[in-house]
Amino acid sequence: MIISGKELSAQLKAEMAEKVKGFPALYGRVPHLVVILVGEDPGSVSYVKGKAKASAEVGIRNTTIRKPDTISEQELLELIAQLNADDEVDGILVQLPLPKHIDEDKVIAAIDKAKDVDGFHPLNVAALWQKQPCTLPCTPKGIIKMLKAAGVTIEGKRAVVIGRSNIVGLPVSKLLLDENATVTITHSRTRNLAEVTRQAEILVVAIGRPKFVTADMVADGAVVIDVGVNRDPETGKLCGDVDFAAIEPKASVITPVPGGVGPMTICCLMENTIECFLRRRAK
Ligand code: NAP
């Protein structure tokens, strides 16, 4: 079974659009997401466009603020302070990566926690690890939604995550743990990686290396979630971290790249924006 993140996200976005339609009557306006794009990195430009397109589909107001990569850290922090103070702004997202002269951690920490739609603010991260209410990071949240939509039972399963980044590997491991999986986190220093991954009933791969996971690393019947977004060096096309063609026949469930985790990430960003909007109104 191939889980189409494209189809699932289309369905979820349509449900959100229906809900948002009623917001002007209920709350006087729709949620407002502000995306800050620094510089011209083609990948970032394309991600920001995708976020604007999804916002339009859901009926969320989207403002993209473009700044040159010469912007100083101080100027960026001042812009964030203005957006924090603006009651008409519900979500603030700073597209990463930022130019080297800007401290990303400082910028993320400057965003009002209540408007942190990415779930990267240190207080949101702390809340996640303490099982407190928080904004969940979009990619891990989308992965859990995909597993549930595919009818995968997570509880009691042996889950292996490859990668331990703050935005994917670590938070998805925590969410799997919260769903009562038995989780192993692996990384570049893991010895005998294939031996560990072959134990996985659920394998989540977030490395950033084209087709790194080969068929011999995956057990028959495993559920395989491929987070990677890479260019295939041979074809130049988008591909994941998993050798899809070789693994699809032996996996019970697998996600494709493109059309898998990526669309779900954007879908969860829309959900987070709506949640931030509603939470601020509930106060
Ligand atoms: P990252 O910050 O570069 O982290 C990569 C992780 O992979 C690190 O923990 C690293 O281990 C581990 N790793 C690298 N080489 C390895 C190896 N040979 N064996 C085992 N582990 C290895 O990357 P990321 O931000 O998590 O992103 C990972 C991939 O997901 C990228 O392709 C990215 O573009 C994609 N991504 C997709 C979405 C989406 O929505 N589809 C969202 C976010 C990211 P160490 O910690 O030991 O260095």
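Residues numbered from 1 in each chain as written. Predicted model: local features only at pLDDT ≥ 70, side-chain atom pairs only at ≥ 80, totals over all residues. Heavy atoms only, no water.

Visitor: Requested: an account of the environment of Tyr27, with residues and values cited.
Guide: By the secondary structure assignment, Tyr27 is in helix α2 (residues 23-27). Under the relative-accessibility criterion, Tyr27 is labelled partly exposed at 35%. Along the backbone, Tyr27 and Val89 are 62 residues apart, and their C-alpha atoms lie at a distance of 14 Å. Not counting residues within four places of it along the chain, the set of residues in contact with Tyr27 comprises Phe277, Leu278 and Arg281. (Helix = DSSP H or I, 4+ residues; strand = E, 2+ residues; numbered from the N terminus. Buried < 20%, exposed > 50% of the residue type's maximum accessible area, 1.4 Å probe, protein only. Contact = heavy atoms within 4.5 Å.)

Visitor: Can you explain the layout of surface pockets? Please cite residues and give values.
Guide: It is the rolling of a water-molecule-sized probe over the atoms that shows where space remains empty. Taken as a whole, the largest pocket encloses approximately 1400 Å³ of empty space. Lining the largest pocket we find 49 residues, and of these Tyr47, Thr139, Val229, Gly262 and Thr265 sit closest to its centre. Secondary structure elements with two or more residues in the lining of the largest pocket: α1 (5-21), α3 (42-58), β3 (91-94), α7 (138-149) and α11 (261-282). Sort the elements by how many residues they give to the lining of the largest pocket and α3 lands first, with 10 residues. Here the lining of the largest pocket is built from residues that sort into 25 nonpolar, 14 polar and 10 charged. Of the residues that make up the lining of the largest pocket, three or more belong to each of domain 1 (24-122) and domain 2 (138-261). Taken as a whole, the second largest pocket encloses approximately 310 Å³ of empty space. (1 Å grid on protein atoms, 1.4 Å probe; cavity = no way out; pocket = protein on both sides within 12 Å on 5 of 7 lines; lining within 4 Å. Points joined across faces, edges and corners; volume = space filled by probe spheres on them. Nonpolar A, V, L, I, M, F, W, Y, C, P; charged D, E, K, R; others polar. Domains from an automatic or database assignment.)

Visitor: Account for the nonpolar core, with residues named and values stated.
Guide: Core analysis: the biggest nonpolar cluster contains 51 residues, and Leu147, Leu176, Val204, Ile225 and Met270 have the highest contact counts within it. In terms of residue count, α11 provides more of this core than any other element does, 10 residues in total. Excluding its chain neighbours within four sequence positions, the residues that come into contact with Ile225 are Ile3, Ile143, Leu147, Leu203, Val204, Val205, Thr255 and Val261. Residues Leu77, Ile92, Val94 and Ile111 belong to the second largest nonpolar core, which totals 17 residues. (Core = buried A, V, L, I, M, F, W, Y, C linked by side-chain atoms within 4.5 Å.)

Visitor: Let's hear about the sheet that holds strand β6 (residues 202-205): which residues, and what values?
Guide: An order of β5-β4-β6-β7-β10 is seen for the five strands of this open sheet, with the pairing classed as parallel. If you trace the sheet from one side to the other, it starts and ends with β5 (182-186) and β10 (253-254), each paired once. (Pairing = 2+ DSSP bridges.)

Visitor: Go over the pattern of salt bridges with me, naming the residues and quoting the values.
Guide: Oppositely charged side chains can form a pair if their charged atoms are brought close together. With the rule as written, the count across this model stands at 17 salt bridges. Note that Glu18 and Lys21 form a salt bridge whose closest N and O atoms lie 3.2 Å from each other. Of this pair, Glu18 and Lys21 are both found in helix α1, three residues apart, which corresponds to roughly one turn of the helix. For Glu18, a relative accessible area of 53% puts it in the exposed group. For Glu179, the salt bridge goes to Lys148, with nearest N and O atoms at 2.9 Å. Of this pair, Glu179 sits in the loop between α8 (169-178) and β5 while Lys148 is found in helix α7, placing the two residues 31 residues apart along the sequence. Residue Glu179 is classed as partly exposed on the basis of its relative accessible area, which comes to 25%. One network of salt bridges, with partners in common, ties together Arg29, Asp87, Glu88, Asp90, Arg280 and Arg281. (Salt bridge = Lys/Arg side-chain N within 4 Å of Asp/Glu carboxyl O.)

Visitor: Before we move on, can you summarise the site of the ligand with the specific residues and values?
Guide: Inspection of the region around the ligand gives 22 residues, with Arg164, Ser165, Ser188, Val229 and Thr265 positioned closest. Interatomic distance of 2.7 Å between a side-chain N/O atom of Arg164 and an oxygen atom of the ligand. Here an oxygen atom of the ligand and a side-chain polar atom of Ser165 are 2.5 Å apart. If the ligand stood free it would expose 920 Å²; the protein chains cover 72% of that surface. It is α11 that contributes the most residues to the shell around the ligand, three residues altogether. For the shell around the ligand, the residue count by class is 10 nonpolar, 10 polar and two charged. (Near = heavy atom within 4 Å. Polar contact = N/O pair within 3.5 Å; in protein donor to acceptor, adjacent residues only side chain to side chain. Areas by Shrake-Rupley, 256 points an atom, 1.4 Å probe, with all protein chains shown as cover.)

Visitor: So what's going on with the sheet that holds strand β2 (residues 61-67)? Residues and values would help.
Guide: Within the open sheet, the three strands sit side by side as β2-β1-β3. Their pairing is parallel. In this open sheet, the two strands that pair with only one neighbour each are β2 and β3. Sheet twist, expressed as the average angle between the axes of neighbouring strands with direction ignored, equals 15 degrees. Where strand β1 (residues 32-38) and β2 come together, seven bridges link them in parallel fashion. Paired with Leu37 across the strands is Arg66, a residue of β2. (Axes fitted to C-alpha atoms, helices over the stretch in contact; angles between N-to-C directions.)

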